[in-house]
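Chain by chain, the residues run as shown.
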Amino acid sequence: HLALRSESSFLTQKYPGLFTITAITPPDQELAARRAILALVAGFRDKQSTDEELVYLKKLLYADYAFENQSYADQVGSLSFYEAISSYRFACNYLSIARGVTAAQLQAAAAKYLREDNYNLTIIRPRSAGSGGSGGGENV
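Residues numbered from 1 in each chain as written. Predicted model: local features only at pLDDT ≥ 70, side-chain atom pairs only at ≥ 80, totals over all residues. Heavy atoms only, no water.

1. A closer look at the pairing of strand E1 (residues 5–10)
Of all 6 residues in E1, 0 are buried; the element is thus mostly exposed. Pairing analysis gives 6 bridges linking E1 to strand E2 (residues 19–24), with the strands arranged antiparallel. Residue pairing across strands places serine 6 opposite alanine 23, the latter belonging to E2. (Buried < 20%, exposed > 50% of the residue type's maximum accessible area, 1.4 Å probe, protein only. Helix = DSSP H or I, 4+ residues; strand = E, 2+ residues; numbered from the N terminus. Pairing = 2+ DSSP bridges.)

Written as structure tokens, this is what we have:
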């Protein structure tokens, strides 16, 4: 009940990139939501996934990949994206590569990249009525 909406996203890249977590919270829940998100990330980083969790995560990944590659235009976009960062063959082998990922490999990557000293926090708030602004936001 800390966030009105939340989502996470990442972009498969040749080199490490951004893993983004976005949460829309009531103003009085900003810091509590931050603590909860960091606790979830720490749990993911510090505890190896069970076989059942890994199967579930892979099903989500496969479904997402299939959904994003339904049309020929989607497939062309995917192939050209992977060609730009490495090789189109990566797109062709993506699911088999993902199928081979183990829980230990996942935890090792999480431990390497999901560190507490390796994130940025941005809070965007509407301007107060007395600030003379007509909306917009500020970066804290």
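2. Examining the packing of helix H3 (residues 72–85) against helix H4 (residues 88–99)
Across the interface, H3 lies against H4 with an axial gap of 6 Å and an inter-helix angle of 115 degrees. Relative to H4, H3 is oriented so that their crossing is right-handed. Residue-level contacts link Ser78, Leu79, Tyr82 and Glu83 of H3 to Tyr88, Phe90, Ala91, Cys92 and Tyr94 of H4. In the contact of H3 with H4, the residues fall into 7 nonpolar, 1 polar and 1 charged. (Axes fitted to C-alpha atoms, helices over the stretch in contact; angles between N-to-C directions. Left-handed = near helix turned anticlockwise from the far one by under 90°. Contact = heavy atoms within 4.5 Å. Nonpolar A, V, L, I, M, F, W, Y, C, P; charged D, E, K, R; others polar.)

3. A word on a nonpolar patch on the surface
The grouping of Phe44, Tyr56, Leu57 and Leu60 at the surface amounts to a nonpolar patch, some 380 Å² of accessible area in total. In terms of residues, the nonpolar patch owes the most to one element, helix H2 (residues 51–67), which gives 3 residues. Structurally, phenylalanine 44 can be placed in helix H1 (residues 30–46). (Patch = residues over 30% accessible without salt bridge, like charges linked within 9 Å, V, L, I, M, F, W, Y side chains within 5 Å. Areas by Shrake-Rupley, 256 points an atom, 1.4 Å probe, with all protein chains shown as cover. Salt bridge = Lys/Arg side-chain N within 4 Å of Asp/Glu carboxyl O.)

4. Section: H2
Here H2 is 17 residues long and its end C-alpha atoms lie 24 Å apart, about the 24 Å a rise of 1.5 Å per residue gives. Looking at the buried side of H2, the elements it contacts are H3, H4 and helix H5 (103–113). (Expected span 1.5 Å × (residues − 1).)

5. Quick look at empty space enclosed by the protein
By the definition in use, this model includes 1 cavity of 30 Å³ or more. Of the pockets and cavities examined, the largest cavity occupies roughly 30 Å³. Forming the walls of the largest cavity are Phe44, Lys47, Gln48, Ser49, Ala103, Leu106, Gln107 and Ala110. Of the residues forming the lining of the largest cavity, the biggest block, 4 residues, is contributed by H5. For the lining of the largest cavity, the class distribution of residues is 4 nonpolar, 3 polar and 1 charged. (1 Å grid on protein atoms, 1.4 Å probe; cavity = no way out; pocket = protein on both sides within 12 Å on 5 of 7 lines; lining within 4 Å. Points joined across faces, edges and corners; volume = space filled by probe spheres on them.)

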